Amino acid sequence: MRDPKNLLRSSYSFNRRRLLTGFGATALGGSLSGVVRAETLHHSVADAPVANAASPEDSVPHLGLHQAGVVNARPANGMVASFDVLARDADELEALFRTLTARIAFLTVGGPVPMLDPKLPPADSGLLGPVVRPDNLTITLSLGASLFDDRPWLAPLKPKHLTRMTRFPNDALDADICHGDLSIQICANTQDTTIHALRDIIKASSRQMILKWKQEGNVPVITPGPDGRAESARNFLGFRDGSANPDSSDAAEMDRVVWVGPDEGEPAWATGGSYQVVRIIRNFVERWDRTPFGEQERIMGRAKMTGAPLDRREGSEFDVPDYASDPEGKATPMDAHIRLANARDEASRANIILRRPFNYSNGVTRSGQLDQGLLFICYQANLEQGFITVQRKLNGEPLEEYIKPVGGGFFYTLPGIRDASDYVGSSLIAAARGA
Amino acid sequence: MRISGLVGASALALVLSSGAFAQEASLDLVEPIAEYKIYVSEKVAKLVEDTTAFTAAVKAGEVDKAKALFAPTRLSYEAIEPIAELFSDLDVSIDSRADDYEKAEADPEFPGFHRIEYGLWEKNSAEGLAPVADKLLADVKELEGRIASLTFPPEKVVGGAAVLMEEVAATKISGEEDRYSHTDLWDFRGNFDGARKIVDLVRPLIAEKEADFLKTVDANFATVDTTLAKYKDGEGYVTYDKLTEDDRKVLAAAVNTLAEDLSTLRGKLGLD
Ligand code: HEM
């Protein structure tokens, strides 16, 4: 007989906990400095940025098989900006990709900003002073369906599942913050660094693309506990977010969940890329704060204070619920967010996604309510089996009363910049010329 | 990491190398500026003439005639906006928009062209507009007088080319300028003509040294021309809502690029 507990425990969060405690123990035992310990801990997308551990010298390599900014940990600040692209042919698109690559190479590595004759406008906005430091900056480029659809020479190369983001039943999409030809995800330790990067990119590419919308967000910075473990950051509903994310430091797991491989029926140029979903999801926080505590937990399916599963309240967020022993949903309701999102059975393994969200806080609505929510970003190798399937399962969930998706888009994250002579999107351009 | 840092920095240097060093201010500007003053004087004289006819129609309650005169009258104003804006009190009373006032359209202080535009198009009436029309005409005449006695500051004249493009980029490409009449393409025409006039006047001074720069600028002006030409209707243009999304993007990119490029024009001429 199969032991259901074993099946359920072979989950990703379980791996992640092992890793975290493992590293934590080494760090403590070896009496390493706090900074080193924090760096060791802070390695997976799900992990919150660790308090007092960020340094302007932190850098993420911008070269590699895959683009940066997907499987590495979230720094405290994130932004998605979406653009309309002007390029009419492969040459113009290549020129845009090369411009962006040059900016990525400078901004993520850093260096002195060029000084021009003071009678001219400055080359750099100066937000970061005379020397740009990397500050954990990543810049991730992804393409929307419209870029392909509007260009007959590019259309045959569109990734198999890439479509314009469809409307889901609870959506109230605002056309001003939806879709786009090209999305740029910018993440860094500080907001100044993300904004500096965005302004630099806009200045360098003004003849090639036009800004359509942007949304900024952040991840709360967490102080690790006495055991050196950092818990997941909380979202604006007050729950820990990221607990059950797959372990993004596990390369094999990321190859399965996130990266598009050569044998998935995708165009060859797309190998090494990923599907990016961006959803700007407003949270009705006043209403949420007027909802009974117990109901909040039943809606989410986790204990609010600790993040523990509801059938294991004494545990931690890294414990996993045992749905097989709770077939009627007495502990974790059948329609709880986490239960619908991941039934944790064999079939749902195909629907695992890597979530990389940021909280956003924009201002006040006309009705005098806070305009806050989640800049939900997720990556997956298969858009249909990933986000779309999970969202379909979530359609009609009780959480919908408290959230409203208002914007975002579906994009395809380009494969990585292989080396200093390569540029982002080179495989697509080569394919477009060959076609 | 270090190595790619150098690559990054040199790539940046390449991107920015052209035109990185400005020249010393030149006496050669005297003539272009004198010519520009003539251009502006002619435009403002035309503005007074047209505004006289426009406000007369408003005061006579001839709504259709006033509507027909609205966009062509503004054309001269839009072309010389960088100079008109030197007199900020007049610019506010001639050309401010409803959003500049706390109560928007309902605000009794909302004046000028756009207050009249609101009445003509939204209310289809000239009722109550007579005092606004009188004030507009008086302001335009006052503008003409002040311009006549103005010494044109060279950096404002040369910088005006970029200012015109910044105006379009920041608040016009969205179609919010002439939001009741949707005659925005006329205003664009005026702004582009005004910017190009300035480039043409200083062109001989930089033709040799900045040939590539001028080529790019001319190409973007040409893009604007071909795009606007598609929307020509008689002497003027169709309404802004007829502009396709694709053409709006083309115009937006051309405007952003012109703003970016023309922002270096002052420095290229050695003006501080
Ligand atoms: C504002 C909207 C949302 C909020 C507040 C929210 C909140 C949460 C929370 C608190 C958890 C439990 C902790 C964790 O495992 O991270 C969770 C889990 C999860 N959420 Fe969401 N979520 C939102 C939207 C979405 C969307 C749009 C999707 C995908 C379509 C999604 C998919 C998931 C998945 C897959 C899990 C993990 C379930 C598991 O494996 O146990 N969530 N969410």
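What you see is a predicted model; the values in this text were computed from it and never measured.

> Requested: an account of the overall build of chain B, with residues and values cited.
Per the secondary structure count, chain B includes 12 helices and 2 strands. Ordered by position in the sequence, the α and β elements of chain B form the string α-α-α-α-α-α-α-α-α-α-β-β-α-α. By the compact-globule yardstick of 19 Å for 272 residues, chain B fits well, its C-alpha radius of gyration being 20 Å. Considered along the principal axes of its C-alpha atoms, chain B spans approximately 70 × 45 × 40 Å. Each of the 272 residues in chain B was classed as buried or not, and the buried ones make up 51%. Per element, the accessible surface of chain B, about 12,200 Å² overall, is 55% carbon and sulfur. In chain B, 31 side chains carry a positive charge and 52 a negative one; their mean positions are 1 Å apart.

> Lay out unusual backbone geometry in plain terms, naming residues and giving numbers.
With phi around 60°, A:His179 is a residue other than glycine that occupies positive phi space. The backbone of B:His182 shows a phi angle near 55°, a positive value even though the residue is not glycine. With respect to the secondary-structure elements, B:His182 resides in the loop between α8 (154–172) and α9 (184–206).

> Which residues make up the coordination of the iron atom of the ligand, and what values go with them?
Just one protein atom donates to the iron atom of the ligand; it is A:His337 (NE2), sitting 2.0 Å from the metal. Mapped onto the fold, A:His337 is located in helix α10 (residues 337–341).

> Quick one: what's the story with the UniProt feature "domain: Imelysin-like" (unreviewed entry) in chain B, residue by residue and with numbers?
The UniProt record annotates "domain: Imelysin-like" (unreviewed entry) at residues 33–265 of chain B. Split by type, residues 33–265 of chain B is 71% helix and 2% strand. Its first and last C-alpha atoms lie 14 Å apart.

> Quick one: what's the story with the UniProt feature "binding site: heme b" (unreviewed entry) in chain A, residue by residue and with numbers?
Residue and element names in this part refer to chain A. Under the local residue numbering, the UniProt record ascribes the feature "binding site: heme b" (unreviewed entry) to Gly242, Ser243, Ala244, His337, Asn342, Ala343, Arg344 and Arg355. Checked against the lining of the largest cavity, the annotated residues just named reduce to Gly242, Ser243, Ala244, His337, Asn342, Arg344 and Arg355. If sequence neighbours within four positions are ignored, His337 has contacts with Ile299, Met300, Leu394, Glu397 and Leu399. The residue Arg344 is located in the loop between α10 and β8 (354–355) in this model.

> Could you give an account of empty space enclosed by the protein, naming the residues involved and the relevant values?
Residue and element names in this part refer to chain A. Summed over the entire model, instances satisfying the criterion amount to 3 cavities of 30 Å³ or more. Size it by volume and the largest cavity reaches roughly 820 Å³. Lining the largest cavity we find 42 residues, and of these His337, Ala341, Arg355, Phe376 and Leu394 sit closest to its centre. At the level of secondary structure, the elements contributing two or more residues to the lining of the largest cavity comprise β7 (274–283), α10, β10 (370–380), α11 (384–394) and β11 (403–413). It is α11 that provides the largest number of residues to the lining of the largest cavity, a total of 4 residues. Per-class residue counts for the lining of the largest cavity are 22 nonpolar, 11 polar and 9 charged.

> Before we move on, could you go through the packing of helix α2 (residues 30–59) of chain B against helix α3 (residues 63–79) of chain B and cite the residues and values that matter?
Residue and element names in this part refer to chain B. As a packed pair, α2 and α3 sit with axes 8 Å apart at the nearest point and diverge in direction by 160°. Considering their axes alone, α2 and α3 lie roughly antiparallel with respect to each other. Once α2 is placed against α3, the crossing between them reads as left-handed. Of the residues in α3, those touching α2 at Tyr39, Lys43, Lys46, Leu47, Asp50, Thr51, Ala53, Phe54, Ala57 and Val58 are Lys65, Ala66, Leu69, Phe70, Pro72, Thr73, Ser76, Tyr77 and Ala79. For the contact of α2 with α3, the class distribution of residues is 12 nonpolar, 3 polar and 4 charged.

> Please give an account of the site of the ligand that cites residues and values.
Residues and elements named next belong to chain A. Around the ligand there are 25 residues in total, and Gly242, Ala244, His337, Asn342 and Arg355 lie nearest to it. Within the backbone of Ala244, a nitrogen or oxygen atom sits 2.9 Å from an oxygen atom of the ligand. When each cavity is represented as a set of grid points, the ligand is found to reside in the largest cavity. Only β7, α10, β10 and α11 provide two or more residues apiece to the shell around the ligand. No other element matches α11, which puts 4 residues into the shell around the ligand. In terms of residue class, the shell around the ligand is made up of 13 nonpolar, 7 polar and 5 charged.

> Residues and numbers for helix α10 (residues 211–229) of chain B, please.
Three or four residues apart is the spacing at which side chains of an α-helix point the same way, because the helix has 3.6 residues per turn. Residues and elements named next belong to chain B. Between the first and last C-alpha of α10 there are 26 Å, a value that for 19 residues agrees with the 27 Å anticipated at 1.5 Å per step. Those residues of α10 that fall on the buried side of the exposure criterion are Phe213, Leu214, Val217, Asn220, Phe221, Val224, Thr227 and Leu228. The buried residues of α10 all sit within an arc of 155° when viewed along its axis, so they share a single face. Facing away from the buried surface of α10 by more than 90 degrees, the exposed residues are Asp212, Lys215 and Thr226. Buried positions along α10 lie against α9, β1 (232–233), β2 (236–237), α11 (245–262) and α12 (265–268).

> Break down the layout of surface pockets for me, citing the residues and quoting the values.
Its boundaries defined by the atoms lining it, the second largest pocket holds a volume of some 700 Å³. For the lining of the second largest pocket, the secondary-structure elements that each account for two or more residues are α4 (90–109) of chain A together with α10 and α11 of chain B. No other element matches the 7 residues that α11(B) contributes to the lining of the second largest pocket. When grouped by side-chain class, the residues that make up the lining of the second largest pocket number 11 nonpolar, 5 polar and 9 charged.

> Help me get a handle on helix α6 (residues 112–122) of chain B, residues and values and all.
Residue and element names in this part refer to chain B. Across the 11 residues that make up α6, a large majority, 9, are buried. Where α6 is concerned, the buried positions are Gly112, Phe113, His114, Arg115, Ile116, Glu117, Tyr118, Gly119 and Leu120. Where the residues of α6 are buried, they touch α2, α3, α5 (88–95) and α7 (130–148). Looking one or two places after α6, you find Asn124, whose phi comes out positive at around 50°.

> Tell me about the side chain of B:Glu117, residues and numbers included.
Residue and element names in this part refer to chain B. Here Glu117 is to be found in helix α6. At 6.3 Å, Arg74 is the nearest oppositely charged side chain to Glu117, a buried residue that forms no salt bridge. There is a polar contact of 2.7 Å between the side chain of Glu117 and the side chain of Ser181. Setting aside anything within four residues of it in sequence, one finds Glu117 in contact with Phe70, Glu122, Glu177, Asp178, Arg179, Tyr180, Ser181 and His182.

Conventions we followed
Residues numbered from 1 in each chain as written. Chains lettered and ligands numbered in written order. Predicted model: local features only at pLDDT ≥ 70, side-chain atom pairs only at ≥ 80, totals over all residues. Heavy atoms only, no water. Helix = DSSP H or I, 4+ residues; strand = E, 2+ residues; numbered from the N terminus. Rg over C-alpha atoms; globule rule 2.2 N^0.38 Å. Buried < 20%, exposed > 50% of the residue type's maximum accessible area, 1.4 Å probe, protein only. Areas by Shrake-Rupley, 256 points an atom, 1.4 Å probe, with all protein chains shown as cover. Lys, Arg positive; Asp, Glu negative; His and termini not counted. Charge placed at Lys NZ, Arg CZ, Asp CG, Glu CD. Donors = N, O, S within 2.8 Å, 3.2 Å for Na, K, Ca; no water. UniProt positions renumbered as here; feature names shortened; annotations may be inferred. 1 Å grid on protein atoms, 1.4 Å probe; cavity = no way out; pocket = protein on both sides within 12 Å on 5 of 7 lines; lining within 4 Å. Contact = heavy atoms within 4.5 Å. Points joined across faces, edges and corners; volume = space filled by probe spheres on them. Nonpolar A, V, L, I, M, F, W, Y, C, P; charged D, E, K, R; others polar. Axes fitted to C-alpha atoms, helices over the stretch in contact; angles between N-to-C directions. Parallel < 35°, antiparallel > 145°, perpendicular 65-115°, else oblique. Left-handed = near helix turned anticlockwise from the far one by under 90°. Near = heavy atom within 4 Å. Polar contact = N/O pair within 3.5 Å; in protein donor to acceptor, adjacent residues only side chain to side chain. Sits in = over half its atoms within 2 Å of the grid points. Expected span 1.5 Å × (residues − 1). Arc of directions from axis to C-beta. Salt bridge = Lys/Arg side-chain N within 4 Å of Asp/Glu carboxyl O.

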